[in-house]
Amino acid sequence: MKRRKFIQNATLTGAGVAVGAHVISCTTEKKEKTKIAVVPEFPKVIATWNVPNATETAWKVLEKGGSSLDAIEQGCRIEEADERNQSVGKGGRPDRDGNVTLDACIMDKNGNYGAVVCMQHIKHPISVARKVMEDTPHVLLAGKGAEKFAIESGFQPEDLLTEASRKEWEKWRETSNYAPVINIENHDTIGMLAIDKNGDIAGGCTTSGLAYKMAGRVGDSPIVGSGLFIDNEIGGATATGMGEEVLKTVGSFLIVELMRQGRSPQEACEEGIKRIVSKGNFDNFQVAYVAMNKSGETGSYSIHSGFSATINHNGINNNKESMSFNK
Ligand code: GLY
């Protein structure tokens with residue numbers, strides 16, 4: 001096969017689970033200019049933070065030939081069920097009134113979107129978000145309506161405030177001083193992107209939001225274009241950290257559009273963060289993005305150091321601290 005033809009094919013065809021990440025550069029026959037082609041590397045999954053159980057679960061779905069959408073739902077459910085993760089699902093830190101309110105959204109390869117915001121008593125908002133997407137004419141359900149829909153759909157209501165989170169909240173109430181700690185309260189939202197064996201991309205984002213937030217506060221995570229955006233022709237992006245800042249810059253949509261214009265996932269994440277830091281004082285909050293393009297290439301970047309992303313490719317988890325603006 002002629003070299004150029006091989007490279008063309010490689011950019012169009014999933015190379016299976018064994019292909020590593022690499023870039024091939026070549027010269028056209030007329031020697032006009034150098035062209036770069038990226039060898040696809042999928043299936044693959046990337047998630048915010050150190051969540052090896054979640055990415056491994058998602059990988060197992062992909063490995064069996066499952067869809068990126070199923071991988072996302074199954075992967076996110078792991079963190080939602082893990083009571084030690086105090087930023088997602090059961091065990092999440094409550095709002096200042098002591099109520100655990102959850103936000104989540106999911107997007108599929110066709111650009112369909114479903115979300116729940118400020119939902120109480122249901123451990124798996126990512127699955128309720130998927131039901132909103134698949135079983136209703138709407139895209140977003142809030143509060144009591146989301147909970148009612150979840151219960152009618154078969155989800156069991158339960159108390160999501162664990163003993164550990166309740167004790168911390170009671171301690172916080174002694175002063176009610178809101179002073180977020182970077183990389184803890186600012187914060188451990190799980191955003192996940194997956195590309196399956198067909199090269200189709202889906203994503204999800206799930207969170208209990210900022211600890212001790214005002215009642216009714218909703219951040220970026222369940223909002224399409226901010227906490228998550230997928231365009232299956234281009235790629236996807238998702239966010240963690242101070243949701244207000246992500247919302248103001250529509251961060252995930254921005255990153256996907258930058259990739260559409262030719263930026264790599266890494267370059268696009270860096271530009272997304274620059275849009276936030278260019279606005280002024282960012283000392284007291286963290287934001288981080290992860291992104292993936294149609295070839296399965298990934299990128300991640302944060303404002304402050306201490307953020308890491310977990311990638312699972314070929315069944316191997318790789319958790320690495322991302323580069324950051326403020327080293
Ligand atoms: N990024 C999650 C939140 O701000 O609620």
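About the cut-offs
Residues numbered from 1 in each chain as written. Predicted model: local features only at pLDDT ≥ 70, side-chain atom pairs only at ≥ 80, totals over all residues. Heavy atoms only, no water. Salt bridge = Lys/Arg side-chain N within 4 Å of Asp/Glu carboxyl O. Buried < 20%, exposed > 50% of the residue type's maximum accessible area, 1.4 Å probe, protein only. Helix = DSSP H or I, 4+ residues; strand = E, 2+ residues; numbered from the N terminus. Expected span 1.5 Å × (residues − 1). Contact = heavy atoms within 4.5 Å. Pairing = 2+ DSSP bridges. Axes fitted to C-alpha atoms, helices over the stretch in contact; angles between N-to-C directions. Near = heavy atom within 4 Å. Polar contact = N/O pair within 3.5 Å; in protein donor to acceptor, adjacent residues only side chain to side chain. Areas by Shrake-Rupley, 256 points an atom, 1.4 Å probe, with all protein chains shown as cover. Nonpolar A, V, L, I, M, F, W, Y, C, P; charged D, E, K, R; others polar.

K.L.:
Got a minute to help me understand the pattern of salt bridges in this structure?
P.N.:
Between side chains of opposite charge, pairing is possible as soon as their charged atoms come close. Under the defined criterion, the tally for this structure stands at 21 salt bridges. The shortest N-O distance in the salt bridge between Lys44 and Glu41 comes to 2.8 Å. The burial state of Lys44 is the same as that of Glu41; both residues are buried. Notably, a salt bridge pairs Lys131 with Asp135, separated by 3.4 Å at the nearest N-O pair. Of this pair, Lys131 and Asp135 are both found in helix 4 (residues 125-135), 4 residues apart, which corresponds to roughly one turn of the helix. On the basis of relative accessibility, which here comes to 30%, the residue Lys131 falls in the partly exposed class. When salt bridges that share partners are traced, they join Asp70, Glu73, Arg130 and Glu134 into one network.

K.L.:
Where do I start with helix 9 (residues 265-277) in this structure?
P.N.:
Every α-helix carries 3.6 residues per turn, so stepping three or four residues along brings you back to the same face. Compared with the 18 Å implied by 1.5 Å per residue over 13 residues, the 19 Å span of helix 9 between its first and last C-alpha is a close match. Among the residues making up helix 9, those that are buried are Pro265, Gln266, Ala268, Cys269, Glu271, Gly272, Ile273, Ile276 and Val277. Residues of helix 9 that are buried in the fold lie against helix 7 (243-249), helix 8 (251-260), strand 11 (287-293), strand 12 (298-304) and strand 15 (323-326).

K.L.:
Hey, could you run me through the environment of Phe307 in this one?
P.N.:
With respect to the helices and strands, Phe307 occurs in the loop between strand 12 and strand 13 (308-313). When its relative accessible area of 0% is taken as the criterion, Phe307 is described as buried. In sequence terms Phe307 and Gly241 are 66 residues apart; their C-alpha atoms lie 9.7 Å from each other.

K.L.:
Can you help me understand the sheet that holds strand 11 in this one?
P.N.:
Neighbouring strands of a sheet are bound in pairs by backbone hydrogen bonds; such pairs are parallel or else antiparallel. Spatial ordering of the open sheet is given by 9-10-11-12-15, a layout of 5 strands whose pairing is mixed. At either end of the open sheet lies a strand with only one pairing partner, and these are strand 9 (228-231) and strand 15. Pairwise comparison of adjacent strand axes, ignoring direction, gives a mean angle of 15 degrees for this sheet. In the packing of helix 8 onto the sheet, the strands contacted are strand 9, strand 10 (235-241) and strand 11, and the crossing angle to strand 10 comes to about 145 degrees. Sheet contacts for helix 9: strand 11, strand 12 and strand 15; angle to strand 12, the most-contacted strand, approximately 20 degrees.

K.L.:
What is the right way to look at unusual backbone geometry in this model?
P.N.:
Cis geometry is adopted by the peptide bond preceding Pro43, which originates at Phe42 and carries an omega value of 10 degrees. By the secondary structure assignment, Pro43 is in the loop between strand 2 (34-38) and strand 3 (44-48). One non-glycine residue, Trp49, lies in the positive phi region at around 70 degrees. Secondary-structure assignment places Trp49 in the loop between strand 3 and helix 2 (52-63). Even without glycine at this site, Asn314 takes up a positive phi of about 60 degrees. Given a relative accessible area of 30%, Asn314 falls into the partly exposed group.

K.L.:
Hey, could you run me through the site of the ligand in this one?
P.N.:
Surveying the vicinity of the ligand reveals 10 residues, the closest of which are Thr189, Arg217, Asp220, Gly241 and Gly243. Separating a nitrogen atom of the ligand from a side-chain N or O atom of Thr189 is a distance of 3.4 Å. A distance of 2.7 Å is found between a nitrogen atom of the ligand and a backbone nitrogen or oxygen belonging to Gly241. Across the complex, the protein chains shield 100% of the 200 Å² of accessible surface that the ligand would expose by itself. A per-class count over the shell around the ligand returns 1 nonpolar, 7 polar and 2 charged.

K.L.:
In this structure, what is going on with the sheet that holds strand 7 (residues 190-195)? I would like to understand it.
P.N.:
Strand order in the open sheet formed by 8 strands is 6-5-4-8-7-3-13-14, and the pairing between neighbours is mixed. One side of each edge strand has no neighbouring strand; the edge strands of this open sheet are strand 6 (140-142) and strand 14 (316-321). Neighbour-to-neighbour, the strand axes of the sheet open up by a mean angle of 10 degrees, direction not taken into account. Pairing of strand 13 with strand 14, which is carried by 6 bridges, proceeds in the antiparallel orientation.

K.L.:
Where do I start with helix 8 in this structure?
P.N.:
Most of helix 8 sits inside the fold, with 7 of its 10 residues counted as buried. Those residues of helix 8 that sit buried are Gly251, Ser252, Leu254, Ile255, Val256, Leu258 and Met259. Elements that come into contact with the buried residues of helix 8 comprise strand 9, strand 10, helix 7, helix 9 and strand 11. Two residues or fewer after helix 8 comes Gly262, characterised by a positive phi angle close to 110 degrees.

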